[in-house]
Amino acid sequence: ADRQTYSLLLYYYQQLAMLPDQLALMEAMVTRWPTEKANWTSYASLLAQLGREADAFEVNRIMYLNGMLTSSAELVRLAQYYSWYDYPYGGAVMLERELNAGRVERSTANMQLLANLWRHAREWERAMPVLERVATTSGAGPDFEAYGEALYQAGRFEEAEAIFVQALNRGGLSRPGDIWTYVGNARMEQNDLGGAARAFHRALEWEYSRAGAQGWLEFIASKRAILAAAAELERQ
């Protein structure tokens, strides 16, 4: 059973659409010729076609660890695999390493992917410099929204407020009411009750953010009443 015999049998299986038989044969081929990238690529593709996406992901990881994935597109695809299988931290570490090595192009799309991986991993400090670069490069409202979220999660409320306002001014947001709520929350963290109330009033304009904004406005009214009562008690 030489290489030609394997290739001929594989051809017959392909023509007859016999996927399980193709997979079994390909498993034998990657075992017999472990250094041939084409075999591993076909093996991963067959696993995905048969609904075994998690196994296809593992095969791609093996290929990466063995230095078989070399092009920018292949490495980006692997990073996306990490995201799909709920392991964003590993994908971000891998993608950042390849970007720094120059093997992955530093395009806006690839930097957005890296930023999203760090965000999904809740690594806000590592996400911020990437998000800042993406936002200032693209100038798009949604990118400023993502940057503002990272600043907010990191507790940098004053900066987050300014970035959220920029996002609103630039437009293109899918849920601007939520961003006004974020602005209100950032101002609350800075004890700016008047500014927070103005932001929550803006959030009332959208149905999906109305209930939350109304709750915050009631909280602000209650807090102001408590502060006024305390001031009156002190005066008396």
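Small disclaimer: the values here were computed from a predicted structure and weren't measured. (Residues numbered from 1 in each chain as written. Predicted model: local features only at pLDDT ≥ 70, side-chain atom pairs only at ≥ 80, totals over all residues. Heavy atoms only, no water.)

### Some remarks on helix α11 (residues 176–189)
Okay, so step 1: For α11, which comprises 14 residues, the first-to-last C-alpha distance of 20 Å matches the rise-based estimate of 20 Å (1.5 Å per residue) to within 8%.
Okay, so step 2: Counting buried positions along α11 gives 11 out of 14 residues, so the element sits mostly inside the fold.
Okay, so step 3: Every buried residue belonging to α11 is among Pro176, Gly177, Ile179, Trp180, Thr181, Val183, Gly184, Asn185, Ala186, Arg187 and Met188, and all of these are buried.
Okay, so step 4: Directly after α11, the chain includes Asn191, whose backbone phi takes a positive value near 60 degrees. (Helix = DSSP H or I, 4+ residues; strand = E, 2+ residues; numbered from the N terminus. Expected span 1.5 Å × (residues − 1). Buried < 20%, exposed > 50% of the residue type's maximum accessible area, 1.4 Å probe, protein only.)

### Some remarks on unusual backbone geometry
Okay, so step 1: With a phi angle near 55 degrees, Ala17 is a residue other than glycine that sits in the positive phi range.
Okay, so step 2: You can see Ala17 is positioned in the loop between α1 (3–15) and α2 (19–32).
Okay, so step 3: Given a relative accessible area of 59%, Ala17 falls into the exposed group.
Okay, so step 4: Non-glycine residue Arg122 carries a positive phi angle of around 60 degrees.

### Observations regarding the pattern of salt bridges
Okay, so step 1: Inspection of every chain in the model, using the stated rule, returns 12 salt bridges.
Okay, so step 2: One salt bridge connects Arg126 with Glu96, and the closest N-O pair in it is separated by 3.4 Å. Of this pair, Arg126 sits in helix α8 (residues 124–138) while Glu96 is found in helix α6 (residues 88–101), placing the two residues 30 residues apart along the sequence.
Okay, so step 3: On the basis of relative accessible area, Arg126 is assigned to the partly exposed category, the value being 33%.
Okay, so step 4: With a closest N to O distance of 2.5 Å, Asp178 and Arg175 form a salt bridge.
Okay, so step 5: Under the relative-accessibility criterion, Arg175 is labelled partly exposed at 38%. (Salt bridge = Lys/Arg side-chain N within 4 Å of Asp/Glu carboxyl O.)

### A closer look at the layout of surface pockets
Okay, so step 1: Size it by volume and the largest pocket reaches roughly 160 Å³.
Okay, so step 2: Counting only elements with at least two residues in the lining of the largest pocket, the list comes to α3 (37–49), α4 (53–65) and α5 (72–84).
Okay, so step 3: The element that contributes the greatest number of residues to the lining of the largest pocket is α3, accounting for four residues.
Okay, so step 4: Classifying every residue of the lining of the largest pocket by side-chain character gives four nonpolar, three polar and three charged. (1 Å grid on protein atoms, 1.4 Å probe; cavity = no way out; pocket = protein on both sides within 12 Å on 5 of 7 lines; lining within 4 Å. Points joined across faces, edges and corners; volume = space filled by probe spheres on them. Nonpolar A, V, L, I, M, F, W, Y, C, P; charged D, E, K, R; others polar.)

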